[in-house]
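Topology and contacts: notes
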Amino acid sequence: MLETELLPVKQRPSVAYTEATKAVESDEEIRPMTEEQLIEGINRLRKERNAVILAHNYQLPIIQDLADFVGDSLELSRQAAKTDADVIVFCGVHFMAETAAILCPDKKVLIPDPEAGCSLAATVTAEQVRRWKEKHPDAIVVAYINTTAEVKAEVDYCCTSANAVKVIQSLPPDRDILFLPDMFLGLYVQRKTGRRMYLWLGECHVHAGFRAEEIAELLERSPDADLLLHPECGCISQCMLALAEGELPEDRTFVYSTSGMVRHAKESPRKTHLVATEIGILHRMKKEAPHKRFIPVREDAICEYMKTITLPKVYRSLRDMVYEVTVPPDIAERARKAIERMLEIV
């Protein structure tokens, strides 16, 4: 059930010209550096600092290529939790770096641009969650990982698109569930599990732009292609219904997290794949399966927040040890319980 809630959602934050962008543009050392020099500098500094660089699948290709590990939110959380590095440079968006800071209180966690936010995380606040819980005092609260630390501190479980179905399936069947903030992921999980859930009306502005009509048209033009859908897509409910009614080919339609998409691309016998998610994933897919063809369902599916992280900013982050991401201990302690429950469910 979709619920219209108590307070208006926050507006999408702008990253048109961030403070980190201004800093690298005015930096006398960085300004004349070539791409090769920046990469050499990053490699030198990460050794000196004993740093690990983690990058999300949606990052710019050059950031993915220099990272020690590339993955989805769940994989990056697990990598952060087990690293023996002293410093974690998180090339992703702010809530991801917060999660790393919560899991690794003894590490220094840096994000090259702290204004790399998330339009989905911005749709819900901790105060809204508290008021929602007051309306449903006996419900279990599950938050998608795309939320702030303050929101995570108010919930019982976190999940990612890779394990959301399993998290919901693990919960007592007689309890109501509040699921936030992505309504499209919630609708998908509700259909897959049959569980009654109250859904927050949040969305990712990139994934919300996908339309079932576009997908049907592309599938018709590509009869030998697999369709790979991210469960945040705005068309997910329509596509699941079309799949159940035989309007989409069951043997060629798959719903995955980004890492699930990469895994499928490597293992599938098909040579062509239609990809419905942010286009940053295409770089990794082409590297992992270079003999295959990947067609974006929308070429304009670009997250400006992910693309805020650039090579000069990564260099400056390691050189100056900026920008450190910290979470107040009381919030971190409460949020850690929900995150650790997520990590326990494979």
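The sections below set out a description of the structure shown in this document. (Residues numbered from 1 in each chain as written. Predicted model: local features only at pLDDT ≥ 70, side-chain atom pairs only at ≥ 80, totals over all residues. Heavy atoms only, no water.)

**A word on the overall build of the chain**
Scanning the chain from terminus to terminus reveals 15 helices and 12 strands. In terms of C-alpha radius of gyration, the chain reaches 20 Å, essentially the compact-globule figure of 20 Å for 346 residues. When its C-alpha atoms are laid out on the principal axes, the chain stretches across 60 × 50 × 35 Å. Across the 346 residues in the chain, those meeting the buried criterion constitute 59%. (Helix = DSSP H or I, 4+ residues; strand = E, 2+ residues; numbered from the N terminus. Rg over C-alpha atoms; globule rule 2.2 N^0.38 Å. Buried < 20%, exposed > 50% of the residue type's maximum accessible area, 1.4 Å probe, protein only.)

**Concerning empty space enclosed by the protein**
Overall, the coordinates contain 2 cavities of 30 Å³ or more when judged by the stated rule. In this structure, the largest cavity spans a volume of roughly 280 Å³. Around the largest cavity sit 28 residues that line it, and His56, Tyr58, Asn146, Glu232 and Met306 are the ones nearest its centre. Among the secondary structure elements, those contributing two or more residues to the lining of the largest cavity are helix H4 (73-82) and helix H5 (94-103). When grouped by side-chain class, the residues that make up the lining of the largest cavity number 14 nonpolar, 11 polar and 3 charged. In this model, the second largest cavity occupies a volume close to 50 Å³. Ser73, Leu76, Ser77, Ala80, Phe90, Phe95, Met96, Thr99, Ala100 and Ile145 together form the lining of the second largest cavity. For the lining of the second largest cavity, the secondary structure elements donating two or more residues are H4 and H5. In terms of residue class, the lining of the second largest cavity is made up of 7 nonpolar, 3 polar and no charged. (1 Å grid on protein atoms, 1.4 Å probe; cavity = no way out; pocket = protein on both sides within 12 Å on 5 of 7 lines; lining within 4 Å. Points joined across faces, edges and corners; volume = space filled by probe spheres on them. Nonpolar A, V, L, I, M, F, W, Y, C, P; charged D, E, K, R; others polar.)

**A few points about helix H2 (residues 35-49)**
Taking 1.5 Å of rise per residue, 15 residues should cover 21 Å, and H2 covers 21 Å from first to last C-alpha, within 8% of that figure. Within the span of H2, buried status applies to Leu38, Gly41, Ile42, Leu45 and Arg46. Seen from one end, H2 has its buried residues packed into an arc of 130°, which puts them on one side. Exposed and oriented more than 90 degrees from the buried face of H2 are Glu36, Lys47 and Glu48. (Expected span 1.5 Å × (residues − 1). Arc of directions from axis to C-beta.)

**Overview of the sheet that holds strand E10 (residues 253-255)**
Spatially, 4 strands are ordered E10-E9-E11-E12 in an open sheet, and the strand pairing comes out parallel. The open sheet has two edge strands, E10 and strand E12 (293-296), and neither has a second partner. Pairwise comparison of adjacent strand axes, ignoring direction, gives a mean angle of 25° for this sheet. Pairing between strand E11 (residues 272-276) and E12: 4 bridges, direction parallel. Across the sheet, residue leucine 274 finds its bridge partner in E12, namely isoleucine 295. Contacting strand E9 (225-229), E11 and E12, helix H13 (residues 281-288) crosses the sheet at an angle of about 170° to E12. (Pairing = 2+ DSSP bridges. Axes fitted to C-alpha atoms, helices over the stretch in contact; angles between N-to-C directions. Contact = heavy atoms within 4.5 Å.)

Just distances and angles here, no functional claims.
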